[in-house]
Amino acid sequence: RHGLAEGVSTPEIEAVIAAGRAAGAAASKICGAGGGGCMITFAEPTQLASVKRAMEAAGARILPANLVAEGLKLEMCD
């Protein structure tokens, strides 16, 4: 994305990504548009605590999330 549009990232975001990677994160992806949104970071379960601590120390706010096997379910209501 960096090559497609200016302003996708900021020095602060890059610092958080670098901190996570240094602590063992496998990958990070910025989500959202218009200067807001979230970043998803993947880490092995054994690295998760250290990645969270490093990213928080770099200024991130960690939001809890879990992967589920079933995915999204929609129900139609009348």
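These numbers were taken from a predicted model, which means no experiment stands behind them. (Residues numbered from 1 in each chain as written. Predicted model: local features only at pLDDT ≥ 70, side-chain atom pairs only at ≥ 80, totals over all residues. Heavy atoms only, no water.)

### Here's the deal with a nonpolar patch on the surface
Reasoning step 1: A cluster of nonpolar side chains, contributed by I40, F42 and L67, occupies part of the molecular surface with about 340 Å² of accessible area.
Reasoning step 2: Structurally, the position occupied by L67 is in the segment after α2 (48-57).
Reasoning step 3: For L67, a relative accessible area of 78% gives the class exposed. (Patch = residues over 30% accessible without salt bridge, like charges linked within 9 Å, V, L, I, M, F, W, Y side chains within 5 Å. Areas by Shrake-Rupley, 256 points an atom, 1.4 Å probe, with all protein chains shown as cover. Salt bridge = Lys/Arg side-chain N within 4 Å of Asp/Glu carboxyl O. Helix = DSSP H or I, 4+ residues; strand = E, 2+ residues; numbered from the N terminus. Buried < 20%, exposed > 50% of the residue type's maximum accessible area, 1.4 Å probe, protein only.)

### A short note on the pattern of salt bridges
Reasoning step 1: Applying the stated rule across the entire model yields 1 salt bridge.
Reasoning step 2: For K73, the salt bridge identified is with E70, shortest N-O distance 3.1 Å. One exposure class covers both K73 and E70, and it is exposed.

### Quick word on the environment of A49
Reasoning step 1: Within the element layout of this structure, A49 appears in helix α2.
Reasoning step 2: Of the residues examined, A49 reaches a relative accessible area of 44% and is grouped as partly exposed.

### Considering helix α1 (residues 11-22)
An α-helical turn contains 3.6 residues, so any two residues separated by three or four positions project in the same direction.
Reasoning step 1: In this model, α1 (12 residues) spans 16 Å end to end at C-alpha, consistent with the 16 Å of a helix rising 1.5 Å per residue.
Reasoning step 2: Residues of α1 that are buried include every one of V16, I17, A19 and G20, and no others. The buried side chains of α1 occupy one side of the element, clustering within an arc of 160 degrees when seen end-on. The exposed residues of α1 that point more than 90 degrees off its buried face are P11, R21 and A22.
Reasoning step 3: Lining the buried residues of α1 we find β1 (27-31), β2 (38-42) and α2.
Reasoning step 4: G24 sits one or two residues past α1 and shows a positive phi near 115 degrees. (Expected span 1.5 Å × (residues − 1). Arc of directions from axis to C-beta. Contact = heavy atoms within 4.5 Å.)

Structural measurements only, silent on function.
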